[in-house]
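Each chain, letter by letter, is given below.
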Amino acid sequence: MMRSMYSAVSGLKTHQTKMDVIGNNIANVNTVAFKSSSVVFQDVLYQMTSNASGANAATGTGGVNAKQIGLGVTTGATNLSITTSGAAETTGRAFDIRLSDQSTTNFFVVNNGSENLFTRAGSFYVDGAGNLCMTSTGYTVMGWQVDPTTGNIKKDTVSALRVMQTSNLTSPPEATTQANVSGIIDKNDKDVLSDNGLVKTLTFFDNLGYSYTARFAMKSTGTDGKYTVELEKILNSDGTTFYDPETSKVDLSDIFGAKTTNATLGTYSQVQSGYYYDSASNKFYVGSDANGTEITWNGTAFTDQAGKTYSLKQVYGISDAMVSKIGGGQATAAIANGTLTISGDVTDYAIDFSTKDGTFTGVGARTSNNKTNSVTLNMSKLGNNPTQFDDITIDFSGLKDANNGGKSTAVMSTGSIDDGVTGKGKKLGAMIGISIDNNGLIKGTYDNGNTETLGQIAVAQFANASGLEKVGENCYRTTLNSGEFDGIGVEISADGSSMTSGELEMSNVDLSTEFTQMIITQRGFQANSRIITTSDTLLEELVNLKR
């Protein structure tokens, strides 16, 4: 009779254990990535009151089963529902990461300063030292670093991911190596027809990330389909002059353009308002007709009979730049049949177009018959050292000669004409953001347009994830039955799993299941308590027999 009481006591204890597990599950219903547990009961030893006997052929009797009396119940196992994922909770935080498993349960690897632990709780932040850490404990998140020689992830022993270290806060600059010119050049554009030309600028970078602006002038030659482009000067980012062909010791032809001697710099067939050319007599007058004051060309200017001088700028409207070249002996002026032609040495490139459809045919020296799509701005010949600049290849094939209502739309841009990115050049970039992709790659974005890989979060996989030991703080430790961690880890996408940034895994506790188990456990506990009271009544009756 005492056996029944002890069996009932074991039942009470075991059901209490199950209630403890249920209580822990419900308490952690909102714990990030918590995994619920369940209790499995098993019976204990049996007392043998009669052994089993076999059949006796001689007597014709059958066998008799053994007579055993059970001695109660005990906890057989506590099962951890670790392979069942919880629902996703959207947080919008870049460092909140949810593990999405495909065929294997994955774990983040974290370190508490003395050992590697494992967690499913992906709530991370960057601490004051720049390390990626758990928000709840400060344990550092482990992963793989970037190989400085190749820029690729080096998958060796995991180490702390210090994503905000000093070297990651900036992205190196890049020198500009390619540029392109595109749009329409209209021969009727007043700027194209002027002595100053259609001025276009190109902003580019050296190897240190400093920016410069080159000023180019595109001009009409007076012949259909033929234009020129020349470099006027290069400015620093603050607007001061970096290179001026007029004052620099470096010849312009070494930087940009081919030198042509005695080239036509400008042709002017019309005199300005207030002046008159009589083609019949080949004479010039001040006024609107031949009744005005006659002026005579003396090779440098016009004069009247009173000795008054009239400049080429007054009569023909040439620019100050052209006046300066004539005055400096860099150009000469000649007038024939009322047409002023200014000639001199010039350093530029010719741009040719088809006179049939206006398509680009080539750029190069004026005298060249083998023009190509591009020419080079030889910046490597300037600067404080030979490595400050890279030469810039400028592609003109995006230009077209067409009537656009007297308005040219040509623009100069850095980058390849194919994609606008290759060879564009970049300033020194400052970090403006960090993101984590589905493979766990941590990438920094910079204000110069660069995206750099800063590291990769590694994950751990185990042959028996349920065999891990819970150590609290949402962490687990390996045991003999879980399998060991090799110290390297695996890439999460190896089996099709992934990481999702901006989300957390919620607890997988199912309250409906827990409440159901609570009712069952309560009834089991209640039934075992009834065995004790009933056994007590039987003992009381036994004692009362003496009366």
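Conventions adopted
- Residues numbered from 1 in each chain as written.
- Predicted model: local features only at pLDDT ≥ 70, side-chain atom pairs only at ≥ 80, totals over all residues.
- Heavy atoms only, no water.
- Helix = DSSP H or I, 4+ residues; strand = E, 2+ residues; numbered from the N terminus.
- Rg over C-alpha atoms; globule rule 2.2 N^0.38 Å.
- Buried < 20%, exposed > 50% of the residue type's maximum accessible area, 1.4 Å probe, protein only.
- Contact = heavy atoms within 4.5 Å.
- Areas by Shrake-Rupley, 256 points an atom, 1.4 Å probe, with all protein chains shown as cover.
- Lys, Arg positive; Asp, Glu negative; His and termini not counted.
- Charge placed at Lys NZ, Arg CZ, Asp CG, Glu CD.
- Pairing = 2+ DSSP bridges.
- Axes fitted to C-alpha atoms, helices over the stretch in contact; angles between N-to-C directions.
- Phe/Tyr/Trp six-rings, centres within 6.5 Å; stacked < 30°, edge-to-face > 60°.
- Core = buried A, V, L, I, M, F, W, Y, C linked by side-chain atoms within 4.5 Å.
- Expected span 1.5 Å × (residues − 1).
- Salt bridge = Lys/Arg side-chain N within 4 Å of Asp/Glu carboxyl O.

Trainee: Can you walk me through the overall build of the protein chain in this structure?
Mentor: Broken down by element type, the protein chain carries six helices and 38 strands. Against the 2.2 N^0.38 benchmark of 24 Å for 547 residues, the protein chain shows a C-alpha radius of gyration of 45 Å, more extended than a compact globule. Across the 547 residues that make up the protein chain, the buried fraction comes to 38%. Taking all contacts inside the protein chain whose residues are at least 6 apart in sequence as the whole, residues at least 24 apart take part in 60%. A total accessible area of about 28100 Å² is found for the protein chain, and carbon and sulfur atoms account for 48% of it. The average position of the 40 basic charges and that of the 54 acidic charges among the side chains of the protein chain differ by 5 Å.

Trainee: What exactly am I supposed to notice about the pairing of strand β16 (residues 211-220) here?
Mentor: Remark: a regular strand shows side chains that alternate across the two faces of the sheet. For β16, a buried count of seven out of ten residues is recorded, marking the element as mostly surrounded by other parts of the structure. By the bridge criterion, eight bridges tie strand β15 (residues 198-205) to β16 in an arrangement that is antiparallel. From the neighbouring strand, L198 faces β16, where its bridge partner is M218. Here β15 folds back onto β16 in antiparallel fashion, the turn holding five residues, of which G209 has a positive phi close to 90°. The turn joining β16 and strand β17 (residues 226-236), which pair antiparallel and follow one another in sequence, is formed by five residues; a positive phi near 90° is taken by G222.

Trainee: Teacher, can you tell me more about the sheet that holds strand β30 (residues 411-414) here?
Mentor: Across a sheet, strands are paired by hydrogen bonds formed along the backbone, either parallel or antiparallel in direction. Across the sheet, four strands lie side by side as β28-β29-β14-β30; this open sheet has mixed pairing. Both outer strands of the open sheet, β28 (374-377) and β30, are each paired with one neighbouring strand and no more. Across the sheet, the mean angle from the axis of one strand to that of its neighbour is 25°, orientation sign disregarded. Sheet analysis places strand β14 (residues 178-185) next to strand β29 (residues 392-401), joined by seven bridges and oriented parallel. Each bridged residue has a counterpart across the sheet, and for A179 the counterpart in β29 is I394.

Trainee: Could you clarify how one ought to interpret the sheet that holds strand β24 (residues 309-310) in this entry?
Mentor: In spatial order, the strands read β20-β21-β22-β23-β24; together these five strands make up an open sheet with antiparallel pairing. Every interior strand has two partners, whereas the edge strands, β20 (275-278) and β24, have only one.

Trainee: Explain the packing of aromatic side chains to me, please; I cannot follow it from the model alone.
Mentor: The way to describe two aromatic rings as a pair is by their centre distance and the angle between their planes. One pass over the structure, following the stated rule, counts 20 aromatic pairs. Both rings, one in Y212 and one in F242, keep their centres 5.0 Å apart while their planes meet at 55°; by these two values the pair is tilted. In this pair, Y212 sits in strand β16 while F242 sits in strand β18 (residues 241-243), placing the two residues 30 residues apart along the sequence. Taking relative accessible area as the criterion, Y212 reaches 6% and is therefore assigned buried.

Trainee: Just checking my understanding: could you explain the nonpolar core for this structure?
Mentor: General note: in soluble globular proteins, nonpolar side chains tend to be found buried as a group. Counting 36 residues, the largest nonpolar core has F216, L231, F256, I351, L377, I394 and F396 as its most contacted members. One finds L99, F108, L161 and I492 within the second-largest nonpolar core, a separate group that totals 24 residues.

Trainee: Help me out: how do you make sense of the environment of V323 in this one?
Mentor: With respect to the element layout, V323 can be found in helix α5 (residues 320-327). Given a relative accessible area of 35%, V323 falls into the partly exposed group. Placed eleven residues apart in sequence, V323 and L312 show a C-alpha to C-alpha distance of 7.8 Å.

Trainee: In this structure, what is going on with helix α1 (residues 2-27)? I would like to understand it.
Mentor: Since the α-helix turns once every 3.6 residues, residues separated by three or four places project in the same direction. The end-to-end C-alpha distance of α1, which contains 26 residues, comes to 37 Å, matching closely the 38 Å that a straight helix rising 1.5 Å per residue would cover. Within the sequence span of α1, burial applies to M5, S7, A8, S10, G11, L12, T14, H15, K18, V21, I22 and N25. Along its buried surface, α1 packs onto β1 (37-43), β3 (67-70), β4 (73-80) and α6 (511-544).

Trainee: I tried to follow the pattern of salt bridges on my own but got confused; where do I start?
Mentor: Working definition: two side chains of opposite charge can pair if their charged atoms are close together. All chains considered together, the criterion is met by 16 salt bridges. Among the salt bridges present, the one from E505 reaches K35, with a minimum N-O distance of 2.4 Å. Taken as a pair, E505 in strand β38 (residues 503-505) and K35 in the loop between α1 and β1 lie far apart in primary sequence, 470 residues in all. E505 sits in the buried class, given a relative accessible area of 2%.

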